[in-house]
Amino acid sequence: MMKALQKEKELNELKSRFVAMTTHEFKTPLATISSSADIIEMYAERSLNADTENIIKQVKNINIEVLRMTNMMDTSLFLGKIEANKTEVSKEEIDLVSLVQYIIDRQVRHQKDKRKLYFELRGTVKKVFADAQHLEHILDNLISNAFKFSQNKPSPALILTFNENNFTVDIIDYGLGIPQNQHKKVYSSFFRGDNVRNIKGTGLGLLIVYNLVKMNGGKITFESEENQGTTFTLEFPY
Ligand SMILES: Nc1ncnc2c1ncn2[C@@H]1O[C@H](COP(=O)(O)OP(=O)(O)OP(=O)(O)O)[C@@H](O)[C@H]1O
Ligand SMILES: [Mg+2]
């Protein structure tokens, strides 16, 4: 057993080094592609050619896709770090209500369809010690999922509840839902429900959330019904 454990540790280290290496190797050319695209755009804007507009449009597409790939690389790198136990939890007293409000505002600003998020606070505010960065990451993904998978449906909602011994956050949406037969797989890498069609994503977000929640001593659960909606619930000690 000791041998097997040692082997697994080595494999994990190898994996995390591999992820770090490939990520870096991909990010460098991406940065070059992006700056070349910027230069082409600059030249195109200067010249008075009938094709200029098309060139600029194509260059913008290059930059959008470069950004998407860079984000994906960052996600893989972050996951690699978590899985190699190279991420530390640093808890301090935080103003949870303001943090949640701030994250919501930022997410809402990003929504092209101009939907809002309904925010409700329950219970009496208590002192919270938490890793603000991790909480931000967790809420960001859950809120963005709630918006992303409920297009053309009513706005999502977030309920923050201060209980006796813990606080909970419910993120509720009225969207696609997760098909019942796939509930067991939601926290596996690259999982994407078979009902998401062309909605973009890597399927790594929830795995990262799951790991972060665990690392921070919390719990995550969800209820979801296809075409009705999904509620993710987080629970953390004070
Ligand atoms: N609120 C939700 N409503 C419906 N399906 C969801 C919801 N949240 C997650 N899912 C399903 O779980 C899958 C995994 O979610 P996850 O956040 O890990 O990936 P993603 O959002 O597709 O991509 P990423 O977060 O990496 O950009 C989603 O692709 C979707 O099928
Ligand atoms: Mg996601």
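Numbers given for residues are sequential positions, taken from 1 along each chain in its written order. As a convention, the first chain written is A and the first ligand written is 1, with the rest following in written order. Local features are withheld for residues below a pLDDT of 70 in this predicted model, meaning they are given only at 70 or higher, and side-chain atom pairs are given and counted only at 80 or more; totals for whole chains, interfaces and linings count all residues. Remark: hydrogens and water are excluded; side-chain values derive from all non-hydrogen atoms of the structure.

For the protein, the name recorded in an unreviewed UniProt entry is histidine kinase, with Arcicella lustrica as its organism.

**Quick notes on the sheet that holds strand β6 (residues 219–225)**
Sheet strands pair via backbone hydrogen bonds, and the direction of the pair is either parallel or antiparallel. Two strands form a pair only when DSSP identifies at least two bridges running between them. The helix and strand labels rest on DSSP assignments: H or I over at least four residues marks a helix, E over at least two residues marks a strand, and numbering proceeds from the N terminus. Strand order across the open sheet formed by 5 strands is β2-β4-β5-β7-β6, with mixed pairing between neighbours. Every interior strand has two partners, whereas the edge strands, β2 (118–122) and β6, have only one. Across the sheet, the mean angle from the axis of one strand to that of its neighbour is 10°, orientation sign disregarded. Residues count as neighbours in contact if any of their non-hydrogen atoms are within 4.5 Å of one another. Every axis corresponds to a line fitted to the C-alpha atoms, with the helix fit spanning only the stretch in contact, and the corresponding angles, defined between N-to-C directions, vary from 0 to 180 degrees. Across the face of the sheet, helix α5 (residues 205–215) comes into contact with β6 and β7 (229–237) while running at roughly 145° to β6.

**A closer look at the coordination of the magnesium ion (ligand 2)**
Surrounding the magnesium ion (ligand 2) are the protein donor atoms N141 (OD1) and N145 (OD1), at 2.2 to 2.4 Å. Highlighted residues: N141 and N145, both in helix α4 (residues 132–148), separated by 4 residues, approximately one helical turn. Here's how the labels work: a residue is buried when its accessible area is under 20% of the maximum for its type, exposed when over 50%, partly exposed in between, all with a 1.4 Å probe on protein chains only. Assessed through its relative accessible area of 12%, N145 is described here as buried. Donor atoms (N, O, S) are those found within 2.8 Å of the metal centre, with the cutoff raised to 3.2 Å for Na, K and Ca; water is not part of the atom list, so apparent gaps in a site can occur.

**Things to note about the pattern of salt bridges**
Pairing between side chains becomes possible if they bear opposite charge and their charged atoms approach one another. A pair is scored as a salt bridge if a Lys or Arg side-chain nitrogen falls within 4 Å of a carboxyl oxygen belonging to Asp or Glu. This structure, assessed with the given rule, holds 7 salt bridges. Between R68 and E65 there is a salt bridge, and its shortest N-O distance comes to 3.0 Å. Of this pair, R68 and E65 both sit in helix α2 (residues 52–83), 3 residues apart, which is roughly one turn of the helix. Between D113 and R115 there is a salt bridge, and its shortest N-O distance comes to 2.9 Å. By relative accessible area, R115 is classed as buried at 10%. One salt-bridge network, in which partners are shared between bridges, spans R106, E136 and D140.

**Some words on empty space enclosed by the protein**
The way it works is a 1 Å grid over only the protein atoms, where trapped points that fit a 1.4 Å probe form a cavity and open points with protein on both sides within 12 Å along at least five of seven lines form a pocket, and then any residue with an atom within 4 Å of a point lines it. Grid points are joined across faces, edges and corners, and a volume is the space filled by probe spheres set on the points. For the structure shown, the criterion picks out 2 cavities of 30 Å³ or more. In this model, the largest cavity occupies a volume close to 70 Å³. Together, K91, F129, A130, D131, L135, F167, N216, F236 and P237 line the largest cavity. Contributions of two or more residues to the lining of the largest cavity are made by β3 (128–130) and β7.

**Focus: the site of ligand 1**
Nearness is defined per residue: one heavy atom within 4 Å of the molecule or strand is enough. By nearness alone, 19 residues border ligand 1, and K148, D173, G193, T202 and L206 come closest of all. Take N145: an N or O atom from its side chain is 2.8 Å from an oxygen atom of ligand 1. Reported accessibility uses the Shrake-Rupley method at a 1.4 Å probe radius. Residues are deemed covered only where the shown protein chains occlude them. Out of a free accessible area of 590 Å², ligand 1 has 93% covered by protein chains. For the shell around ligand 1, the elements supplying multiple residues, two or more each, are α4, α5 and β7. Side-chain atoms alone can form a polar contact between residues adjacent in sequence; in general such a contact is a pair of N or O atoms within 3.5 Å, and within protein one must be able to donate a hydrogen while the other accepts it.

**Digging into the UniProt feature "domain: Histidine kinase" (unreviewed entry) in the protein**
Per the UniProt annotation, the sites labelled "domain: Histidine kinase" (unreviewed entry) are residues 21–238. Spanning residues 21–238, this segment combines 46% helix with 19% strand, and its end C-alpha atoms are found 38 Å apart. UniProt positions are given in the numbering used here, feature names are shortened, and annotations may be inferred rather than shown by experiment.

**So, the layout of surface pockets**
In this model, the second largest pocket occupies a volume close to 180 Å³. Mapped by element, the contributors of at least two residues to the lining of the second largest pocket are α1 (2–46) and α2. For the lining of the second largest pocket, the leading source of residues is α2, giving 4 residues. Ten residue types, Ala, Val, Leu, Ile, Met, Phe, Trp, Tyr, Cys and Pro, are classed as nonpolar, four, Asp, Glu, Lys and Arg, as charged, and the remainder, Gly among them, as polar. Counted by class, the lining of the second largest pocket contains 5 nonpolar, 3 polar and 2 charged residues. For each domain, the first and last residues come from an automatic or database assignment. Summarising the domain contributions, the lining of the second largest pocket has at least three residues from each of domain 1 (2–83) and domain 2 (92–237).

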